[in-house]
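The chain contents come next:
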Amino acid sequence: KENKPAWLMGSISELAMVRKVDHLTGLWNYEKFMENMGKNLRENKGYLMVFGIDNFKNINVKNGRTFGNRLLKTIVNILEENSDRFTKLYRLDGDRFAVDFPWKTRADVTAFYRILKKELEKYCTVSAGVVDYYADDGEDSSIIYQYAESALDRAKKEGKDQIVFFSFEDYQKRLEQIQFQDELKMAVKEEFHGFYLCYQPQIRGEDLSIYGAEALIRYKSPWRGIVSPMEFIPFLEQNGLICRVGEWVLRTAIEQCVRWRKYIPDFHISVNISYVQLRQEDITDRVLDILGESGLPGNALTLEVTESMQLQDYSYFNKIFYEWKRHGIKISIDDFGTGYSSLSYLKSIDVDETKIDRCFINRIYNNMYNYRLLSNIIELAHGARIQVCCEGVEKEEELFSLMELHPDVIQGYLFAEPYEKEKFEALYMKPEVEEYRKRIVQEERFRCLHSDDLQRFYGVLNSNYRQRDILKNTRLGL
Ligand code: C2E
Ligand code: CA
Ligand code: CA
């Protein structure tokens, strides 16, 4: 009878122990890990490594769970064979292991990882994240674990099969990214608050008259100021929000185009559309509905699609494009020549326009190779009745060389940067304002310089400026 309490105690503590052991591998589990680390952090210094098998899910699917379990046990054997009595091993969850190296050096940890990697070579690769800790530096075990996880995260993101040591700057950056992503999510929820569009003019190559504009999204953050779409579009694509934002862009740009057509009746609008949007099941109708509601004729709208890997499924996309084209909408291949495509791409996808990236236009006036290349691309596109838009024209010399090749549309800082709608409107639709007149004169100057007709240029100056201004302008410009 006296023994009974003792037996009970033993059983309770065993039960408690059992709860802290991982059944498959016999290692300590997450709970015990947290408990031990807490103590550790008060007394020791050292390194904590967290690692995982790369693509473990795929390995399981391919070879079955039994194989997967055996692999986990193999790992435990390797770990145990290569640890001394100070090193502590844990299986946290799934394929996630933790190794605690009190009193070891960075070199020891790296050596340990190398051995592990070598021994596993024929089964799989592993990625590891490591953080160093000191007694009494104020961090608790969950923070230390989080740091190690974030280093592991980076190891996986940057190609896997590697060890990454935690750095506080990386972590800070990562945190800021996460905060920014949350901010974007809120912005979308709050009726796209902070998002707005800029418009960059597209100019006809033949007479430098205005053809239309490309709508380009911007985001104004209360904390960070204006953020480039190059930075936030990838986020929106990752979390799928690009679908809602893209629709908002389309609607806003189309409505703007309708208003501007009162000034310039054949004004065109180009809108960027992400492959993520194109993957939505009902994208064909969504676009057509927005267009229908606006009353804009389809042939005033161009949708710009960036050529990419994701666009290789020709028959799927051609089906969508076919429907749109039936309504007059034009399809443009953006950033042509920078990505995956070759000229053969233009044959597989039924497009109306190709936008040639700035890198081909850059310095064509003294780069014979680029000039010939561009000349061939334009000729080929025209042969296939594809319109050509040359992007990123910044210099007069580029424009003059380009004009010899007869692109259909030209876009670039030389004419104008992307402007907010008020400024765009003043520049192209308000003859009474100064900016408008300046622009007319500048464009006439391009035309006349190109055709060596200075006589005409003075005529235009005369009709736009008083004598005094002509003198000022001629001194400045010629
Ligand atoms: P993109 O479609 O190739 O747009 C052209 C980019 O080149 C714009 O950058 C524009 O400001 C810039 N650019 C125009 N002229 C010149 C020039 O003469 N020289 C140089 N160096 N650059 C010039 P932005 O506005 O920063 O947009 C960057 C990219 O973000 C766009 O490249 C597009 O891929 C994406 N993007 C912008 N708005 C949207 C949108 O509404 N939806 C989607 N899905 N993507 C968008
Ligand atoms: Ca574009
Ligand atoms: Ca482009």
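Report follows, based on the coordinates. Fair warning: this is a prediction, and the values are worked out from it, not measured in the lab.

Each α-helix turn comprises 3.6 residues. Residues three or four places apart therefore point the same way. Counted residue by residue, helix H16 (residues 396-403) has six buried out of eight residues, so it is predominantly covered. Along H16, the residues that are buried comprise Glu-398, Leu-399, Phe-400, Ser-401, Leu-402 and Met-403. Tucked inside the fold, the buried residues of H16 contact helix H14 (358-361), helix H15 (368-383), strand E13 (387-390), strand E14 (409-410) and helix H18 (434-451).

Together, Glu-255, Asp-285, Asp-289 and Glu-293 make up a region of like negative charge exposed at the surface. Sort the elements by how many residues they give to the negative patch and helix H11 (residues 283-294) lands first, with three residues. Following the sequence through the fold, Glu-255 ends up in helix H9 (residues 242-260). Relative accessible area serves as the criterion here: at 38%, Glu-255 is assigned to the partly exposed category.

Contacts to ligand 1 come from 21 residues, most closely from Gln-200, Arg-218, Asp-334, Glu-394 and Tyr-413. Note that an oxygen atom of ligand 1 is positioned 2.9 Å from one of the side-chain N or O atoms of Arg-218. Contact distances for ligand 1 include 3.2 Å between an oxygen atom and a side-chain N or O atom of Asp-335. Those elements that place two or more of their residues in the shell around ligand 1 are strand E7 (210-221), helix H8 (229-238) and strand E11 (330-336).

The next subject is the coordination of the calcium ion (ligand 3). Here the calcium ion (ligand 3) is held by Asp-334 (OD), Asp-335 (OD), Glu-391 (OE) and Glu-391 (OE), and the distances to it run 2.1 to 2.8 Å. In this structure the calcium ion (ligand 2) is found 4.2 Å away from the calcium ion (ligand 3), and Asp-334 serves as a bridging donor for the pair. Note that Asp-335 is positioned in strand E11 and Glu-391 in the loop between E13 and H16, a separation of 56 residues in sequence. The class of Asp-335 is partly exposed, set by a relative accessible area of 23%.

Quick notes on the rules
- All residue numbers refer to positions counted from 1 along the written sequence of the respective chain.
- Chain A is the first chain written and ligand 1 is the first ligand written, with later ones labelled in order.
- Local features in a predicted model are, by the rule used here, given only for residues with pLDDT of at least 70; side-chain atom pairs are given and counted only at 80 or more, and totals for whole chains, interfaces and linings are based on all residues.
- No hydrogens and no water enter the side-chain calculation; it runs on all heavy atoms of the structure.
- Classification of residues uses two cut-offs on accessible area relative to the type maximum, computed with a 1.4 Å probe and protein chains only: under 20% is buried, over 50% is exposed, and between them is partly exposed.
- Think of it this way: any DSSP run of H or I at least four residues long counts as a helix, any run of E at least two long counts as a strand, and we number them from the N terminus.
- Residues are treated as being in contact if the distance between any of their heavy atoms lies within 4.5 Å.
- Candidates for patches are residues over 30% relative accessible area with no salt bridge; among them, like charges are joined within 9 Å and nonpolar side chains (Val, Leu, Ile, Met, Phe, Trp, Tyr) within 5 Å.
- All accessible-area figures derive from a Shrake-Rupley calculation using a 1.4 Å probe, and residue coverage is judged against the displayed protein chains alone.
- Salt bridge criterion: a side-chain nitrogen from Lys or Arg within 4 Å of a carboxyl oxygen from Asp or Glu.
- Here Asp and Glu are counted as negative and Lys and Arg as positive; His is not counted, and neither are the chain ends.
- Taken as the charge centre is NZ of Lys, CZ of Arg, CG of Asp or CD of Glu, depending on the residue.
- If even one non-hydrogen atom of a residue comes within 4 Å of a molecule or strand, that residue is called near it.
- Polar contact is defined as a pair of N or O atoms within 3.5 Å, subject to the rule that within protein one atom must be able to donate a hydrogen and the other to accept it, and that residues adjacent in sequence are counted only when both atoms are side-chain atoms.
- A donor here means any N, O or S atom no more than 2.8 Å from the metal (3.2 Å for Na, K and Ca); water is not included, so a site may seem to lack partners.

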